[in-house]
2 protein chains.
Amino acid sequence: MDEDSYEQPRAVADDTRYSLETRLIRTLLHAFGNPPIGFTLWNGDKIGPLGSAPVATLHISDRRTLLRLCTDPDLQFGELYSAGKIDVDGSILRMIEELYLGAAEAAQPMSFRRRLAAWRHRRTRNTLHGSRENIHHHYDIGNEFYSLWLGETMAYTCAYFPTPTATLDQAQIAKMDHVCRKVRLNRGERVVEAGCGWGALALHMARHYGVKVRAFNISREQIAYARERAKEQGLANEVEFVEDDYRNITGHYDKFMSVGMLEHVGAENFEELGRVIDGCLKDTGLGLIHTIGRNRAKLMHRWIDRRIFPGAHPPSLKEMMDIFEGRNLSVLDVENMRLHYAKTLEWWNILYERAIDRVAKMFDERFVRMWRLYLLGSQAAFTVGELQLFQVVFSPGRNNQIPWTRADIYQR
Amino acid sequence: MDEDSYEQPRAVADDTRYSLETRLIRTLLHAFGNPPIGFTLWNGDKIGPLGSAPVATLHISDRRTLLRLCTDPDLQFGELYSAGKIDVDGSILRMIEELYLGAAEAAQPMSFRRRLAAWRHRRTRNTLHGSRENIHHHYDIGNEFYSLWLGETMAYTCAYFPTPTATLDQAQIAKMDHVCRKVRLNRGERVVEAGCGWGALALHMARHYGVKVRAFNISREQIAYARERAKEQGLANEVEFVEDDYRNITGHYDKFMSVGMLEHVGAENFEELGRVIDGCLKDTGLGLIHTIGRNRAKLMHRWIDRRIFPGAHPPSLKEMMDIFEGRNLSVLDVENMRLHYAKTLEWWNILYERAIDRVAKMFDERFVRMWRLYLLGSQAAFTVGELQLFQVVFSPGRNNQIPWTRADIYQR
């Protein structure tokens, strides 16, 4: 990339000697804290970032694309990139990292428009029916698609890399053992799992820890896949896969486990989740919730909410406490594994790129680009600390049969 | 104790066949969920608990004492016990446990009166001057007094018992190593400690981890004691004890450490504490706050607030998040060590009872009883889960040099 061909870094937004396009782009970059991103326009014009070499250059295909981007960049970048109206030369990952880092500088309290969006979200989204629609949107697009890049375990949640050199499959198994150890599974216990994906953890618990599992999920495709696996592995008597909402959990259990569901629950339902846990967990029980979270409350990125995860909300720890505090559930242990999710996504991105020809055949080019952006954007978000990964262990407040220390988790 | 001499368990509060005293006591017990506590009156009358044998029997010295107790039991039990107007036959510890368990059944949302108290508390208590008064009240009553029952380390915070059979002194040293490991102290680093007690941890960090420590405390007696110890141990160049408020911390540090101070900060100052941490902790730094807490927000017990810890407030995790969320500080690790504090207090209670003759000589009988009630009441509160002990590790949100896992904490 030829840096000299870029215009010199200075404020040009109001300088009429510059083209309208240049002034629009300068204004846009300013709103994002002047990240090191360059632009190449349809007419060959180049507009460089202020003060440093670009980590990526956006190729804008026409004037209409530029105008749409400038009007609502949060939403439109994803739309226009997916549609092929914007191409990226350089690292999408580094570009999104820089966007997060730059935008944080100019962070604003929640605007009226955002509040309105939050209110609509609360009113319409994660009802029993709404949750089913939302989950269907993301998880029922085809088990074969996910099998291309999730690795052998089909675990679609943050892995745990005991060392950074572990493989993805090793790390997914290590994650399953990590959460099993954290809730101190004992042979013969009854475990309820809220949101079980394709069933890997439920089957792992039954096979390696000798427990009976009831696993809930409202994704029809995932439940069908999980039941098939249970049969293949001879575990159909040990693991019951229930196609139903976590709000309909019945029975009493020694352990409550939920890995990667809370993101889809919505903060407005946290008290209700607390009620469900309080109702099904024995007095001497332990529970674990593993979830994407944030350092402070914030709405989901709008493009992700529209195209990838409708109704999703990664909560802050403060928001999460609504699950526990109303029911005298005692938080025993919180671990933040943010960088493990960055590494998990690094693996998924490599496997995804290896499979894009097949993805393109299954879907189309727009889908390939949409999911590339989502997966790279997620990796960037965990790398810069825009997103966190929390594992929270808890227990009924009166339980004195809680683990004495955490040393046993780390003894092999 | 002769159970048959007690009246039969039934509701008698409105039954005029019973004496006024009996009806008062039944009403009182009912308000606390009918705990198994018996009463013996000045005239020899005995009133037993409903439905079970008493864990303790209160000897009420006169009618005026009974009336005071019934008017405002939360506050007056401590006052009357301290004054010797009430004696306890049986286990004070078990009695307070039963009171906590029973009262939780009938827990109410915060009344107007409590809200008013909370508001007064907020308005008047933990200013720079107010904090100094509050801390003086508790910590400056004599280093010799504390040395009678805190053990050799003079650490007046929850110990960490690697196994339940460790001694108090072993467990206090293990606690110091536990927090040092959690913030991954490295030789040559600069550490700031907010609220350093008698200096045990500051000196331990300097001696065993080779770090430079600036330790803040507003208790004059503690600071004097700590400086003396630093000189004796030849660590006066490694550890600087500063008699000042945490709000006046200056400089930049690799690590922030605070063990047992947050209880005295007050939730209204948590954002300010976040500002202080954000201002003094390096971008690659780690911090730890060790504090008594709760499963949900609640005001301090009124008698403890009046006689023992004016201005103190053990926060819920939700309240604590105000320290972190406004400043993009990332919570990495939370550990709840409630039962370790119950065991620590069990040790303190044994040592305290061994020293009561000396305590009586230093102060008076009222003081002996007041502190016995406080120490036993605290043990009961941790045993039943009325109080928690949280250790929270955190870091600036952009720091990617955070610990990869927690396994290293447990490797010896």
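(A) Highlighting the overall build of chain A. Scanning chain A from N- to C-terminus turns up 16 helices and 11 strands. Against the globule reference of 22 Å for 412 residues, chain A gives a C-alpha radius of gyration of 23 Å, in line with a compact fold. Each principal axis of the C-alpha distribution contributes one length, and for chain A these read about 75 × 45 × 40 Å. Taking all 412 residues of chain A together, 49% fall into the buried category.

(B) Looking closely at the domain arrangement of chain A. Residues and elements named next belong to chain A. Splitting chain A by domain gives domain 1 (3-119) and domain 2 (128-409). Distance between the C-alpha centres of domain 1 and domain 2: 34 Å. Contacts between the two partners involve 16 residues from domain 1 and, on the opposite side, 19 residues from domain 2. Elements with a contribution of two residues or more to the side of domain 1 that touches domain 2: helix H3 (73-82), helix H4 (92-105) and helix H5 (112-124). Looking at the side of domain 1 that touches domain 2, the element that brings in the most residues is H4, giving six residues. For the side of domain 1 that touches domain 2, the class distribution of residues is 10 nonpolar, three polar and three charged.

(C) Expanded view of the pairing of strand E3 (residues 56-60) of chain A. All names here are of chain A. Within E3, four of the five residues are buried, which leaves it mostly tucked inside the rest of the structure. Two strands pair when backbone bridges link them, and strand E1 (residues 37-40) and E3 are joined in this way by four bridges, in the parallel orientation. Bridge assignment links Thr40 to a residue of E3, and that residue is His59. Across five bridges, the pairing between E3 and strand E4 (residues 86-90) is antiparallel. What sits directly across from His59, in E4, is Asp87.

(D) Just the sheet that holds strand E2 (residues 46-47) of chain A, in detail. Across the sheet, which stays open at both edges, the four strands sit in the order E2-E1-E3-E4 (chain A) with mixed pairing between neighbours. In the strand order of this sheet, the two ends are held by E2 and E4 of chain A, each with one partner.

(E) Structural view of the relation of the copies chain A and chain B. When chain A is fitted onto chain B, the two copies agree to an RMSD of 0.0 Å after a turn of 180° and an axial shift of 0.0 Å. One copy is carried onto the other by what is essentially a two-fold rotation axis. Residue by residue, 100% of the interface of chain A is reproduced at the interface of chain B, so both copies engage with the same surface.

(F) Quick peek at helix H11 (residues 270-280) of chain B. Residue and element names in this part refer to chain B. Taken as a whole, H11 has its buried residues at Phe270, Leu273, Gly274, Val276, Ile277 and Cys280. Relative to the axis of H11, the buried residues are bounded by an arc of 160° and lie together on one face. Along its buried surface, H11 packs onto strand E5 (190-194), strand E8 (253-259), strand E9 (281-293), helix H13 (317-324) and strand E10 (329-336).

(G) Quick peek at the nonpolar core. Core analysis: the largest hydrophobic core is formed by 233 residues, its most contacted members being A:Ala202, A:Met205, A:Val392, B:Ala202, B:Met205 and B:Val392. When sequence neighbours within four positions are dropped, the list of residues in contact with A:Val392 reads A:Leu288, A:Ile289, A:Met320, A:Val331 and A:Val334.

(H) Inspection of helix H1 (residues 20-31) of chain A at higher detail. Residues and elements named next belong to chain A. The terminal C-alpha atoms of H1 lie 17 Å apart, and with 12 residues this matches the ideal 16 Å at 1.5 Å per residue to within 8%. All of the buried residues along H1 are Leu24, Ile25, Arg26 and Leu29. The elements touched by buried residues of H1 are E1, E2 and helix H2 (63-71). Positive phi shows up at Gly33, right after H1, with a value of about 75°.

(I) Structural context of the environment of A:Ser330. Position of A:Ser330 relative to the elements: it lies in strand E10 (residues 329-336). Along the sequence, A:Ser330 and A:Arg398 sit 68 residues apart, while their C-alpha atoms lie 8.4 Å from each other. Apart from residues lying up to four places away in sequence, A:Ser330 is in contact with A:Phe394, A:Ser395, A:Gly397, B:Asn295, B:Asn336, B:Gly385 and B:Gln388.

(J) Local environment of the interface of chain A and chain B. Contact residues are listed per partner, giving 30 residues for chain A and 31 residues for chain B. Elements supplying a minimum of two residues to the side of chain A that touches chain B: helix H13 (317-325) and E10 of chain A. For the side of chain A that touches chain B, the element with the most residues is E10(A), which contributes seven residues. Broken down by class, the residue content of the side of chain A that touches chain B amounts to 13 nonpolar, 10 polar and seven charged.

(K) Spatial organisation of the sheet that holds strand E3 (residues 56-60) of chain B. Residues and elements named next belong to chain B. Strands sit in the order E2-E1-E3-E4 across an open sheet of four strands; the sheet is mixed. What marks the edges here is a single partner per strand, and that holds for strand E2 (46-47) and strand E4 (86-90). Inspection of the sheet shows strand E1 (residues 37-40) paired to E2 by two bridges, in the antiparallel sense. Looking across to E2, one finds that Phe39 is bridged to Ile47.

(L) Local environment of the confidence of the model for chain A. Residues and elements named next belong to chain A. Chain-level pLDDT for chain A is 91 on average; 92% of the residues reach the 70-or-more range. For the stretch residues 1-9, pLDDT sits under 50, and the model shows 11 contacts to residues farther than four places along the chain or on other chains. Among the prediction metrics, the complex's ipTM stands at 0.92, with pTM recorded as 0.93.

(M) Main features of unusual backbone geometry. Of note in the backbone geometry, A:Met154 takes a positive phi value of approximately 55° without being a glycine. Relative to the assigned elements, A:Met154 resides in the loop between helix H7 (143-147) and helix H8 (168-182). A positive phi angle, near 55°, is found at B:Asn34, a position not held by glycine. Along the polypeptide, B:Asn34 turns up in the loop between helix H1 (20-31) and E1. You can call B:Asn34 partly exposed: it has 19 C-beta atoms within 10 Å.

(N) Summary view of the pairing of strand E9 (residues 281-293) of chain A. Residues and elements named next belong to chain A. Burial within E9 is extensive, with 10 of its 13 residues counted as buried. Note: strand E8 (residues 253-259) against E9, six bridges, orientation parallel. Looking across to E9, one finds that Met257 is bridged to Leu288. As judged from the seven bridges shared by E9 and strand E11 (residues 388-396), these two strands associate in the antiparallel manner. Each residue of the ladder has a partner; that of Gly287, found in E11, is Phe394.

(O) Region of interest: the packing of helix H14 (residues 338-354) of chain B against helix H16 (residues 365-384) of chain B. Residues and elements named next belong to chain B. The geometry of H14 relative to H16 is characterised by a closest axis approach of 8 Å and an angle of 155° between their N-to-C directions. With respect to each other, H14 and H16 are oriented roughly antiparallel. Note that H14 runs across H16; the crossing there is left-handed. Residues Arg338, Tyr341, Ala342, Leu345, Glu346, Trp348, Asn349 and Tyr352 of H14 form the contact with H16, whose own contacting residues are Trp371, Arg372, Leu375, Leu376, Ser378, Gln379, Phe382 and Thr383. Broken down by class, the residue content of the contact of H14 with H16 amounts to nine nonpolar, four polar and three charged.

(P) Expanded view of the packing of H3(A) against helix H16 (residues 365-384) of chain A. Residue and element names in this part refer to chain A. At a closest axis distance of 8 Å, the pairing of H3 and H16 adopts a crossing angle of 140°. Looking at the two axes, H3 sits oblique to H16. For the pair H3 and H16, the contacting residues are Gly78, Tyr81 and Ser82 in the first and Arg366, Arg369, Met370 and Leu373 in the second. Considered class by class, the residues forming the contact of H3 with H16 number three nonpolar, two polar and two charged.

What counts, and where the lines are drawn
- Residues numbered from 1 in each chain as written.
- Chains lettered and ligands numbered in written order.
- Predicted model: local features only at pLDDT ≥ 70, side-chain atom pairs only at ≥ 80, totals over all residues.
- Helix = DSSP H or I, 4+ residues; strand = E, 2+ residues; numbered from the N terminus.
- Rg over C-alpha atoms; globule rule 2.2 N^0.38 Å.
- Buried ≥ 20, exposed ≤ 12 C-beta atoms within 10 Å, placed from the backbone.
- Domains from an automatic or database assignment.
- Contact = placed C-beta atoms within 7 Å.
- Nonpolar A, V, L, I, M, F, W, Y, C, P; charged D, E, K, R; others polar.
- Pairing = 2+ DSSP bridges.
- Least-squares fit on C-alpha atoms with pLDDT ≥ 70 in both.
- Arc of directions from axis to C-beta.
- Core = buried A, V, L, I, M, F, W, Y, C linked by C-beta atoms within 7 Å.
- Expected span 1.5 Å × (residues − 1).
- pLDDT = per-residue confidence, 0-100.
- Axes fitted to C-alpha atoms, helices over the stretch in contact; angles between N-to-C directions.
- Parallel < 35°, antiparallel > 145°, perpendicular 65-115°, else oblique.
- Left-handed = near helix turned anticlockwise from the far one by under 90°.

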